[in-house]
Amino acid sequence: MIALEPARYASFMSRPGLPKFFADLTSWYAIEALAVGHALGLRSALMQGPGTVAEIARRAGVDERSTATWLAALTAAGYATHDKGVFGADPDQFPFLAGTIPGVDSVALLDFVLAMGVRVPAVIEVLQTGQDPAPDLFGNEFSEAVGRVNAPLYVESLIADWLAADAKLMSALVAGVEVVDLGCGDGTAVRLMAKAFPDSKFVGVDRDAVALSRARDSVPANSSFQDSLPATFDAVTILDSLHHFSDPNALLAEIRTGLRPGGVLVIAETAYVGDVDADADSPFGTIGLACALLYCDVEGRRSGVPPPIAPQDGGVALRRALSEAGFRIGATHDGAGGFRVYFARP
């Protein structure tokens, strides 16, 4: 281990701005503090309006000492303001604290941070030992948070941008076809498509029983949810989830068998270039790639082997798997949210 001499350390720390390591550490503490305050009800209490420590503590039902520390931490992080003993949400950060940013559910992201944090020891064990992850490692409150994180993007982009990029598919949806949404999670995409295309029928399929239970809380008349593929269908959507499957080749072969003549497979995956330097320059490169390490590449591991589809390879493995299953990619569309949408037909 190399240690800096005191004089060199002082010089290093006196440079303008924090060194990157400490800047990243500061950001981690800020988000963790936000997430803990969200779980305690302090975030909601602050959103009700300015107040003293005692007032905000009373709103949240949290002791004043913890409330004072939390408010001081958020003030230091730039999320809260302070004036003569009164704290408030920083006006520039209010939309993030309130979860009202278009296309982003920042409150769901805080729940994701909390859910991911408690799973990190299990993730490390999987990566160290090569053992398969527990079937429910990323279930329950984790999958619920993931569904809420994705929902705003689907609301804004799924119909008007992603699906609209294929005119033939849109015409079929309007006329009426049977569509499977594979890896449907809480059913957000199914409900959006069912509402947009009332003459089509939609089946949400997911292996997560808890997610299916949530999906069945609200089922449009022209949709249903189940844990396996139906025998036949006209179209399949796989939205930001194919890279979680441990055997995508078998899955794609099953889809190819069940797809009726003229059918289409729609796959949305993160639009990485496949070049380390280029992807590192993406504004979401760090988040996306770190999420792949901690979540996506872990969930589909079998016998120590990560899932074969890796969006970070620029779509190489995906294109190969589609070709081997008898699909031809007719077009791709780089759509909203940093996703690449593939339209594949036999």
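The coordinates are above.
Residues numbered from 1 in each chain as written. Predicted model: local features only at pLDDT ≥ 70, side-chain atom pairs only at ≥ 80, totals over all residues. Heavy atoms only, no water.

K.L.:
Help me understand the sheet that holds strand β5 (residues 223-226) in this model?
P.N.:
Within a sheet, adjacent strands bond to each other through the backbone by hydrogen bonds, running parallel or antiparallel. The strand order across the open sheet formed by 7 strands is β5-β4-β3-β6-β7-β9-β8, and the pairing between neighbours is mixed. Looking at which strands have only one partner, the edges of the open sheet turn out to be β5 and β8 (328-335). The sheet shows a mean angle of 20° between the axes of neighbouring strands, direction not considered. By the bridge criterion, 6 bridges tie strand β6 (residues 233-239) to strand β7 (residues 259-270) in an arrangement that is parallel. What sits directly across from I238, in β7, is I267. With respect to the sheet, helix α13 (residues 248-258) is in contact with β3 (178-182), β6 and β7, its orientation differing from that of β7 by roughly 150°. (Pairing = 2+ DSSP bridges. Helix = DSSP H or I, 4+ residues; strand = E, 2+ residues; numbered from the N terminus. Axes fitted to C-alpha atoms, helices over the stretch in contact; angles between N-to-C directions. Contact = heavy atoms within 4.5 Å.)

K.L.:
Would you mind going over the pairing of β3 with me for this structure?
P.N.:
Where a strand is regular, its side chains alternate between the two sheet faces. Burial of β3 is extensive: 4 of the 5 residues sit out of reach of the surface. Strand direction decides the pairing type here: β3 and strand β4 (residues 201-205), joined by 5 bridges, are parallel. Bridge pairing links E178 to K201 in β4. For the segment spanning β3, helix α11 (residues 188-196) and β4, crossover handedness is right-handed. By the bridge criterion, 3 bridges tie β3 to β6 in an arrangement that is parallel. Residue pairing across strands places D181 opposite T237, the latter belonging to β6. (Buried < 20%, exposed > 50% of the residue type's maximum accessible area, 1.4 Å probe, protein only. Right-handed = clockwise from strand over helix to strand, strands pointing away.)

K.L.:
Mind showing me how you'd approach the nonpolar core here?
P.N.:
Inside soluble globular proteins, nonpolar side chains tend to come together where they are buried. By size, the foremost hydrophobic cluster in this structure holds 27 residues, and its most contacted members are L158, W162, L163, L169, L173 and F202. Sorting the residues of this core by element identifies α9 (141-162), α10 (167-175), α11, α12 (209-215), β6, β7 and β9 (339-345) as the ones contributing at least two each. Beyond its immediate sequence surroundings of up to four residues, L169 is in contact with L163, A235, V264, V266, F343 and R345. Counting residues in each nonpolar core, the second largest holds 25 residues, with V180, F245, I255 and A317 among its members. (Core = buried A, V, L, I, M, F, W, Y, C linked by side-chain atoms within 4.5 Å.)

K.L.:
Would you explain a nonpolar patch on the surface in this entry?
P.N.:
A surface patch of nonpolar side chains, amounting to about 480 Å² of accessible area, comprises F21, L25, W28 and Y29. On the basis of relative accessible area, L25 is assigned to the partly exposed category, the value being 33%. (Patch = residues over 30% accessible without salt bridge, like charges linked within 9 Å, V, L, I, M, F, W, Y side chains within 5 Å. Areas by Shrake-Rupley, 256 points an atom, 1.4 Å probe, with all protein chains shown as cover. Salt bridge = Lys/Arg side-chain N within 4 Å of Asp/Glu carboxyl O.)

K.L.:
Before we go on, may I ask you to explain the state of the cysteines in this structure?
P.N.:
What makes a disulfide is a covalent bond joining the sulfur atoms belonging to two cysteines. All told, the structure shown has 0 disulfides when counted by the stated rule. There is no disulfide at C184, and the cysteine sulfur nearest it, in C296, is 17 Å away. A residue is classified by how much of its surface remains accessible, and C184, at 7% relative accessible area, is buried. Residue C296 stays outside any disulfide, its sulfur separated by 4.4 Å from that of C291, the closest cysteine. (Disulfide = S-S within 2.5 Å.)

Don't take any of this as a statement about function, it's just geometry.
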